Amino acid sequence: MRLAANLVYQGAGELAHAAEELDYSVVLSGEGYRNDAVSVLGLAAGRTRRIGLASGIMQIPARPPGLAALTAATLDALSGGRFRLGLGVSNPDVSDGWYGVPFDKPLARTREYVDVVRQALRGEPLRYEGEHFRLPAAGRTGAPLHITTELPRPHIPVYLAAVGAGSLKLAGEIADGWIGVFTSPEAVAEAVAGIRAGRERAGRDMTGFDVLPSLPTAFADDVEAAVDQLRDHYVYMLGIGDPATNFYCSLARRMGYEAEMEHFAERLAAGDRAGAARAVPLGFIDRTAMAGPVSRVATRMREFAGAGVTTLGIMLSPARTDHDGRLRILRLAAEALEVSGVG
């Protein structure tokens, strides 16, 4: 199992360089309300020479597939062939409320989006007749457009973020890797089974497929103290949109925390973020994060490796810390991987 680091935009170049020096496999940048993925990865590309770069994720409703392909081609060219294109539909609240894009039929939309991106990355003229994407959209008969970027390799890996059973099978069928969040070893094992079903549907096995969950990470001698460093992040993620439809609240309910999620939603609706943070169950955070001393995190790493993880993402933004604290997380996670024996 290898390590990945999920960057924050503050000090991203130095964090990426430190991860490279610690032999991390890849650095990722996501996008939401704090930063986009592309700007951070462009900076990281300029500060590193060997480490992989991945969008984790670029949101599908944020940009048309032609731009996603051009962005991927540019980042791959600038980095000398180190980029991996992570894509995801986000969730209904972000898609509709932030980008103004309907969330209908997310699986079909994702399949078509990846089709168009891959067609563009092959340098082919873009013509596509789908339910969600039609190029040219207005039926123009002139010469279709195509990417002219000089690519350093013939194939840019595509990763998909996926949570539900259908999206996991789709990731296995059409992608080169899976990016997961808020997941436990048990949930990873279930996800891998779904991915494997998708691979089999496409006539392939799991060879070369990257299973990459990203986990909030905090180090402290006391597990509860480490968990407390992550509570604000959990409030943020569990509080996106309506708790009734929020993907991560649904995961907590499936893990047996239905009453706790109801209390969380009540506190959040009342404007009591501190109370909402206290309401997030310690057990839920502990099972979906890496928290505690190095020895305990090493044990957790063995659990995730046993569940089928090939690259474990260390999230640097969730912990309540500063830049030096994030560098410390990178170092201690690398130490934990060495102690675990699964690196």
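Please read all numbers here as calculations on a predicted model, not as lab measurements.

Student: I tried to follow the environment of Leu-121 on my own but got confused; where do I start?
Tutor: With respect to the element layout, Leu-121 can be found in helix α5 (residues 106–121). On a C-alpha basis, the gap between Leu-121 and Thr-310 in space is 26 Å, while along the polypeptide they are 189 residues apart. Apart from the residues lying within four places of it in its own chain, the contact partners of Leu-121 are Ala-69, Ala-72, Ala-73, Ile-147, Leu-151 and Ile-156.

Student: Looking at this model, I keep getting lost on the pattern of salt bridges. Mind explaining?
Tutor: Close approach of charged atoms allows side chains with opposite charge to pair. Overall, the coordinates contain 18 salt bridges when judged by the stated rule. For Arg-63, the salt bridge is made with Glu-31, and the minimal N-O distance between the two is 2.8 Å. Here Arg-63 is found in the loop between β4 (58–59) and α3 (65–78), whereas its partner Glu-31 is found in the loop between β2 (26–29) and α2 (37–47), with 32 residues between them in sequence. Each of the two residues, Arg-63 as well as Glu-31, counts as buried. Its salt-bridge partner being Arg-109, residue Asp-104 comes within 3.0 Å of it at the nearest N-O pair. A residue is classified by how much of its surface remains accessible, and Asp-104, at 38% relative accessible area, is partly exposed. One continuous salt-bridge network, built from bridges that share partners, spans Glu-186, Arg-287, Arg-300 and Glu-303.

Student: Honestly, the nonpolar core in this entry has me stumped. Any pointers?
Tutor: Here is a general trend for soluble globular proteins: nonpolar side chains tend to be buried in one another's company. Tyr-24, Phe-264, Met-301 and Leu-312 are the most contacted members of the largest nonpolar core, which totals 107 residues. Sort the elements by how many residues they give to this core and helix α15 (residues 323–340) lands first, with 8 residues. Ignoring any residue separated from it by four or fewer positions in sequence, one finds Met-301 in contact with Met-1, Leu-3, Met-290, Leu-312, Ile-314, Ala-333, Ala-336, Leu-337, Ser-340 and Val-342. Core analysis: the second largest hydrophobic core is formed by 8 residues, Ala-54, Tyr-159, Ile-179 and Leu-212 among them.

Calculation notes
- Residues numbered from 1 in each chain as written.
- Predicted model: local features only at pLDDT ≥ 70, side-chain atom pairs only at ≥ 80, totals over all residues.
- Heavy atoms only, no water.
- Helix = DSSP H or I, 4+ residues; strand = E, 2+ residues; numbered from the N terminus.
- Contact = heavy atoms within 4.5 Å.
- Salt bridge = Lys/Arg side-chain N within 4 Å of Asp/Glu carboxyl O.
- Buried < 20%, exposed > 50% of the residue type's maximum accessible area, 1.4 Å probe, protein only.
- Core = buried A, V, L, I, M, F, W, Y, C linked by side-chain atoms within 4.5 Å.

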